[in-house]
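# Breakdown of the fold
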Amino acid sequence: MIKLVIFDLDGTVCNTIDDLADSTNHAMRTLGHPTHDVSAYKYFVGNGIPKLIYRALPEDHRSEEEHAKAMKLMLDYYAVHYADKSVPYEGVPEMLKALKEKGIHIAICTNKAHHMATEIAEKIFGGIFDRVIGQTSDRPLKPDPFSTNEIIKEFGATPAETVFIGDSGVDMKTAVNSKTHSIGVTWGFRTVEELKENGAGHIADTPSDILNIINNL
C-alpha cells in the first residue's frame, strides 16, 4: 500500500519553464549574450539554477565572475517574476486532491532553491503539500537520495510504500537511488526515452494515469 507520493516541481506538477526562460534571458540580454528559445530551457533545467545559468552562458563566457553576474541578474528578476506565467498542469490539482482523500501524504522534492520552491508551491497550490524540500547549502541535489530519504523518514513510510514522480532522468535516478517506486510523466520537459533509460518503472501520460498506477501498486 502506498503511503507517500513525492513529486518533482518544475515540469511535473506545474509548468514553470516560461518564467525560468524569461528570467535567464533577462540576465543574458543584460550581459550582452545571446538569448535562447523556451524549448532550449527544457534541457537547461533539472540540476538547479547554478547549472541552468552555466548552460545558458556562451561557452567562452563561463568564468566564475560572469557566472556570478548572471546568477544575480537572473535571481533578482526571478524573485519578482517567478510565477508570472507558471501554472499547474491540467488535471494535477484534481489528482493531488484525490491522493489526499485516500490518506496519502504528498510532498515536493526539487532542485529549485528552497525558498522559491515553497513560494511557488504555496502560490499555485495553496497548502495542499505536506512537505516541500528544495535546494539549500546543506543538501546535495537530486539524484542524491538525501532529501527523498528525509521525507520518507518524516512520514514514517518505507521506500516500498513510496512513489517518486518526475519528468526527467534526474528524477528517475532519484527514485532508483531511494529504492522507491517511480513514475515518469510525459507532459514535462524531457522525453519518454530519457525517462525509461534512467529507470522509470511506470509512465504516465495524464495525471489520471498516476492515480491508476498507484491504485495498482
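Our subject is the structure listed above.
Within each chain, residues carry numbers counting from 1 in the order of the written sequence. For a predicted model such as this one, the threshold for reporting local features is a pLDDT of at least 70, and the threshold for listing and counting side-chain atom pairs is 80 or more; totals across whole chains, interfaces and linings nevertheless cover every residue. In computing side-chain values, all of the structure's heavy atoms are included and hydrogens and water are not.

## Some words on unusual backbone geometry
- The linkage connecting Lys142 with the following residue, Pro143, adopts the cis geometry, with an omega of 15°.
- Positive phi, normally seen in glycine, also occurs at Lys179, with a value near 65°.
- In DSSP terms, a helix is any run of H or I states spanning at least four residues, a strand is any run of E spanning at least two, and both are numbered starting from the N terminus. Following the sequence through the fold, Lys179 ends up in the loop between helix H8 (169–178) and strand S7 (181–185).

## With respect to H8
- The cut-offs for exposure are 20% and 50% of the maximum accessible area for each residue type, with area from a 1.4 Å probe on protein chains only; residues under the lower value are buried, those over the upper are exposed, and the others partly exposed. Most of H8 is tucked away, with seven of its ten residues classed as buried.
- For H8, every residue scored as buried is listed here: Gly169, Val170, Asp171, Met172, Thr174, Ala175 and Ser178.
- Where H8 is buried, its residues meet strand S4 (105–113), helix H7 (146–154), strand S6 (162–166), S7 and helix H9 (192–197).
- At the C-terminal side of H8, Lys179 shows a positive phi close to 65°. Any two residues whose heavy atoms approach within 4.5 Å are treated as being in contact.

## Focus: the packing of aromatic side chains
- Two rings from Phe, Tyr or Trp (for Trp, the six-membered ring) form a pair when their centres are within 6.5 Å of each other. A pair whose planes differ by under 30 degrees is stacked, one over 60 is edge-to-face, and the rest are tilted. Inspection of the entire model under this criterion finds five aromatic pairs.
- Geometrically, the ring pair formed by Phe7 and Phe129 is edge-to-face, given 6.3 Å between the ring centres and 75° between the ring planes. Here the residue Phe7 occupies a position in strand S1 (residues 4–7), and Phe129 occupies one in the loop between helix H6 (114–125) and strand S5 (131–135), the gap between them amounting to 122 residues.
- By relative accessible area, Phe7 is classed as buried at 1%.
- For Phe129, a relative accessible area of 10% puts it in the buried group.
- Ring geometry for Tyr78 and Tyr82: centres 6.5 Å apart, planes at 65°, overall edge-to-face.

## Quick word on the sheet that holds S1
- DSSP-based pairing: two strands are paired if at least 2 bridges between them are found. Pairing is parallel in the open sheet, where six strands are placed in the order S5-S4-S1-S6-S7-S8. Edge positions in the sheet fall to S5 and strand S8 (202–204), since each has one partner strand and no second. For this sheet the average axis-to-axis angle between neighbouring strands, irrespective of direction, equals 25°.
- Two strands pair when backbone bridges link them, and S1 and S4 are joined in this way by four bridges, in the parallel orientation. Bridge pairing in S4 links Leu4 to His105. Every angle, taken between N-to-C directions, lies between 0 and 180 degrees, and every axis is a line fitted to C-alpha atoms, over only the stretch in contact when it is a helix.

Geometric descriptors of this kind do not, in isolation, establish any biological role.
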